[in-house]
Amino acid sequence: MQLPSIPVSILDRANAREGRTAADALNATVARAQRAEGLGYHRFWVAEHHGVPGIAGSAPTVLMAAVAARTARIRVGSGGVMLPNHQPLVVAEQAATLQALFPGRIDLGLGRSVGFTPAVRAALRQDGDAAHAFTEDLAELLAYLRGGADITARPEDCGATPPFVLATGKGVDTAAKAGLAVVVGGPAFSGRASALALGALERYRRNFRPSAYYSEPYVIISANVAVADSAEEAEELLLPEAWAMALSRTRGEFPPLAPADAIRDVKMSPRQQQLVAESLSASVAGTDAAVAERLGRLLAATGADELMVTTNTFDTDVLAAADRRLAGMFGLA
């Protein structure tokens, strides 16, 4: 299948890996960003997680600064800053500072998730209801970025930093009303709730109000994508993160990524086997032809303007090879 000529980007969670340090994880993220720039990827985003043993990326704006300083052209952003965890003014100041240092290269992806556990929420001085104020917090943040608030955030951004909403549920409505781009998960469009997901995108496009940031709706589809010589090799690439996710769902803790060979020797419970299988099936994986077919159908069904790849694995060399193959499939270089 012919793939559309659209931007392709990467979201990296700075996953920790067994036997390696947190510094190794963060440096691997920076190195991946440098490779992505050379391959022609459009954006490189990093995430925010707190108190997660398997993820070193807890401070996205700090990591964004490191990535932007070690690259020259690729757009650098957050996927995302979780707005309920922060004061809107502080987020605006951080984004504006990055924009001043790296003009024209900074994106601000924003999510509404709160800490995963009561202890994390307490440490962040938040509770489970904090996400309910996302729409109001977003409006306040945009006022600081555009210069329409009661105080002037410094350095002045003057609307230079484009915001994106990581949309789940009502997030698409918030993005449409504010005139912002949305980032939605690809797996939602291939499962039993695909009609609801497509309906949400249709609602977003129908209700979109043009803003100073976007004159038209802009949809980014995110997905785990693994390209390899065979379906088996692609599954091996995805297995470390799928297993870590299964452990988080059954033991309450997302661990550092383990080698695929070691995971194959683990005696999984029926529930863990099910979770791993679901994770693998929700990903877009296989040979070049198989991945092109599935991605082509996903992008056509959603009318996406951009694809954001969220894949990570234990072996950074294997991950680098997969990034190169996907770039070649889209003709990015």
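Residues numbered from 1 in each chain as written. Predicted model: local features only at pLDDT ≥ 70, side-chain atom pairs only at ≥ 80, totals over all residues. Heavy atoms only, no water.

K.L.:
What should I look at first to understand the packing of aromatic side chains in this one?
P.N.:
Given two aromatic rings, their pairing is described by the distance between the two centres and the angle made by the two planes. Here the structure, examined in full by the defined rule, presents 4 aromatic pairs. Aromatic pair phenylalanine 164 and tyrosine 214: ring centres 6.0 Å apart, planes at 70 degrees, arrangement edge-to-face. Of this pair, phenylalanine 164 sits in strand 5 (residues 163-166) while tyrosine 214 is found in the loop between helix 7 (194-207) and strand 7 (219-223), placing the two residues 50 residues apart along the sequence. Neither phenylalanine 164 nor tyrosine 214 differs from the other in exposure class; each is buried. Judged by centre distance (5.8 Å) and plane angle (75 degrees), the ring pair of tyrosine 204 and phenylalanine 208 falls under edge-to-face. Owing to a relative accessible area of 0%, tyrosine 204 belongs among the buried residues under this scheme. An aromatic cluster of three or more residues is present, and its members are Trp45, Phe164, Tyr214 and Tyr218. In this structure, arginine 20 is placed above the aromatic ring of phenylalanine 314, and the distance from its NZ or CZ to the ring centre is 4.6 Å. (Phe/Tyr/Trp six-rings, centres within 6.5 Å; stacked < 30°, edge-to-face > 60°. Helix = DSSP H or I, 4+ residues; strand = E, 2+ residues; numbered from the N terminus. Buried < 20%, exposed > 50% of the residue type's maximum accessible area, 1.4 Å probe, protein only. Lys NZ or Arg CZ within 6 Å of the ring centre and 35° of its normal.)

K.L.:
Explanation requested: the nonpolar core in the structure shown.
P.N.:
Side chains that are nonpolar tend, in soluble globular proteins, to be buried together. Among the nonpolar cores identified, the biggest contains 79 residues, and Tyr41, Val184, Val225, Leu295, Leu326 and Phe330 are the most heavily contacted of them. Once residues within four sequence positions are removed from consideration, leucine 326 is found in contact with Val8, Tyr41, Val225, Val227, Leu295 and Val309. One finds Leu238, Leu247, Leu275 and Val276 within the second-largest nonpolar core, a separate group that totals 18 residues. (Core = buried A, V, L, I, M, F, W, Y, C linked by side-chain atoms within 4.5 Å. Contact = heavy atoms within 4.5 Å.)

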